[in-house]
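# Examination of the molecular architecture
Residues per chain, in single letters:
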Amino acid sequence: MYKIDDIISYGIKGVCKIVAIEQKQVNNECIDYYVLRSVFDSETTLYIPINNSNLTSRMKNIPSLDELHALIKSIPTIETIWIENTNKRTEAYKKIIDDGEEIKLIQLIKTLKVQRQKLDKDKKRLSLSDENLYKAAKKRLYDGFAVTLDIKPSEVPSFISEQLKINEAMNL
């Protein structure tokens, strides 16, 4: 069970802080709710019924500093997951973003980055749908990393690049 002041990732809403646990009367029944406030958008507040496992299963802890460094170190070995069928690709990639599992988000970002580079060589672009999924995956990953690292989400890509260079240098 989560507690007040925990910072979690919640579905496509991203990183949220549990600001309260409240009880509300719904249809003559008292229901306990987690009150989540988005870390990066103070206007967004969510009420998640504690006894609704379908909704609470979308609440995930953000990675610790050690987990984050291990994830970054694994980036060079992560395989891409390009799916040729557009509809299947969109469905699969949306699920990855919604689930928010960091290793899968990295895999998705890496996949779309590689695909974008391939298309650039032919003077083509990612489809609008793929581009939006790429941006959503980066936002989901970078927001969680930013909270763990206590930096701005916009600083995460350069942090990752720097860590990869350090790891590469250490392996020589």
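### Here we look at the pattern of salt bridges
- Per the counting criterion, the structure on display carries eight salt bridges.
- A salt bridge links Glu22 to Lys24, with the shortest nitrogen-to-oxygen separation between them at 3.9 Å.
- In this structure, Glu131 engages Arg116 in a salt bridge whose closest nitrogen and oxygen atoms are separated by 2.2 Å. Taken together, the positions of Glu131 in helix H5 (residues 128-149) and Arg116 in helix H4 (residues 102-121) put the pair 15 residues apart, joining distant regions of the chain.
- A residue is classified by how much of its surface remains accessible, and Glu131, at 16% relative accessible area, is buried.

### Comments concerning the environment of Glu131
- On a C-alpha basis, the gap between Glu131 and Leu112 in space is 8.0 Å, while along the polypeptide they are 19 residues apart.
- With near-sequence residues (within four places) excluded, Glu131 lies in contact with Arg116 and Leu126.

### Points about the nonpolar core
- Judged by nonpolar contacts, the single largest core of 23 residues is most densely connected at Ile106, Leu108, Leu141, Phe145 and Ile160.
- Of all the secondary structure elements, the ones that give two or more residues to this core are helix H2 (65-74), helix H3 (86-99), H4, H5 and helix H6 (156-170).
- When residues in this core are grouped by element, the largest group, eight residues, is from H5.
- Ile8, Cys16, Ile18 and Ile48 belong to the second-largest nonpolar core, a separate cluster that totals 10 residues.

### Let's talk about the packing of aromatic side chains
- By the definition in use, this model includes one aromatic pair.
- Taking 6.0 Å as the distance between ring centres and 80° as the angle between the ring planes, the aromatic pair formed by Tyr2 and Tyr34 counts as edge-to-face. Placement of the pair is Tyr2 in the segment before strand S1 (7-10) and Tyr34 in strand S3 (residues 29-38), with a sequence separation of 32 residues. Tyr34 shares its class with Tyr2; the two are buried.

Each value, and the rule that gives it
- Residues numbered from 1 in each chain as written.
- Predicted model: local features only at pLDDT ≥ 70, side-chain atom pairs only at ≥ 80, totals over all residues.
- Heavy atoms only, no water.
- Salt bridge = Lys/Arg side-chain N within 4 Å of Asp/Glu carboxyl O.
- Helix = DSSP H or I, 4+ residues; strand = E, 2+ residues; numbered from the N terminus.
- Buried < 20%, exposed > 50% of the residue type's maximum accessible area, 1.4 Å probe, protein only.
- Contact = heavy atoms within 4.5 Å.
- Core = buried A, V, L, I, M, F, W, Y, C linked by side-chain atoms within 4.5 Å.
- Phe/Tyr/Trp six-rings, centres within 6.5 Å; stacked < 30°, edge-to-face > 60°.

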